[in-house]
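Examination of the molecular architecture
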Amino acid sequence: IAKGYGVDQVAALVREKGYRDFLVEIGGEVYVSGRRKDGTPWRIGINQPLPDAPLDRVYRVVPLQNQAMATSGDYRNFFIKDGVRYSHILDPKTGYPVETAVVSASVTADTCTFADGLATALVVLGPEKAVALVEQLDSVECFLVSQDRDGKLIDRASKGFPMAP
């Protein structure tokens, strides 16, 4: 949650200096306040959740205003040994790398610290439990991308997740 916390601290400092319309981003974790210069909501991209996708390949665009968004996934940080793929995200129940179909979890929330921590937890939970949990939380939404055995990406979102048209 370090990057999310850092985003929240920088956003608080910028707000304290009197700015209302701004975007803070640290390593993919984001907080936006107000609107863009043209009056429209900020548009934040979710990276294509594939290991070989360029860093600037956008999979989905999310319009945000006065919110944080964090994305967690294992499509960049993993290794393969003896044909087995090991994620950098650990399952707290086993202490071993998580084995889940979720390759990317994006969370919108009031703070980036919370969004950052929850996004990682949702990867661990798996798609069904993750969306069910988020549906019980106030002011929190999620967008999950899972990958089936054939490599096809499957999108799931909580009811109120903001998607660009």
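Heads up: these notes are all about the structure in this document. As the structure is a prediction and not an experimental result, all values here were calculated from the model.

**Digging into the side chain of serine 33**
Among the secondary structure elements, serine 33 is positioned in strand 2 (residues 29–33). In this view, serine 33 contacts Arg20, Asp21, Phe22, Trp42 and Asn66; residues no more than four positions away in its chain are not counted.

**A look at the pattern of salt bridges**
Oppositely charged side chains can form a pair if their charged atoms are brought close together. Taken as a whole, this structure holds 4 salt bridges when the rule is applied. A salt bridge links arginine 36 to aspartate 38, with the shortest nitrogen-to-oxygen separation between them at 3.0 Å. When its relative accessible area of 31% is taken as the criterion, arginine 36 is described as partly exposed.

**Observations concerning the sheet that holds strand 9 (residues 141–147)**
If you trace the 6 strands from one edge of the open sheet to the other, you get 1-2-5-8-9-10, paired in antiparallel fashion. Pairing within the sheet leaves two strands with one partner each, and these edge strands are strand 1 (22–26) and strand 10 (153–157). Adjacent strand axes in the sheet meet at a mean angle of 10 degrees when their direction is disregarded. Examined bridge by bridge, strand 8 (residues 102–109) and strand 9 share 6 bridges and lie antiparallel to one another.

**Remarks on the pairing of strand 7 (residues 84–87)**
The pairing of strand 6 (residues 78–81) with strand 7 spans 4 bridges and is antiparallel. Paired with phenylalanine 79 across the strands is tyrosine 86, a residue of strand 7. What sits between strand 6 and strand 7 in their antiparallel hairpin is a turn of 2 residues, with aspartate 82 showing a positive phi close to 55 degrees.

**A word on the packing of helix 1 (residues 2–16) against helix 2 (residues 112–125)**
The interhelical angle for the contact between helix 1 and helix 2, taken along N-to-C directions, is 165 degrees, at an axis separation of 7 Å. Between helix 1 and helix 2, the interaxial angle falls into the category roughly antiparallel. Considering only the axes of helix 1 and helix 2, their crossing is right-handed. Between helix 1, through Ala2, Lys3, Gly4, Tyr5, Val7 and Asp8, and helix 2, the contact on the second element is made entirely by Cys112, Thr113 and Asp116.

About the thresholds
- Residues numbered from 1 in each chain as written.
- Predicted model: local features only at pLDDT ≥ 70, side-chain atom pairs only at ≥ 80, totals over all residues.
- Heavy atoms only, no water.
- Helix = DSSP H or I, 4+ residues; strand = E, 2+ residues; numbered from the N terminus.
- Contact = heavy atoms within 4.5 Å.
- Salt bridge = Lys/Arg side-chain N within 4 Å of Asp/Glu carboxyl O.
- Buried < 20%, exposed > 50% of the residue type's maximum accessible area, 1.4 Å probe, protein only.
- Pairing = 2+ DSSP bridges.
- Axes fitted to C-alpha atoms, helices over the stretch in contact; angles between N-to-C directions.
- Parallel < 35°, antiparallel > 145°, perpendicular 65-115°, else oblique.
- Left-handed = near helix turned anticlockwise from the far one by under 90°.

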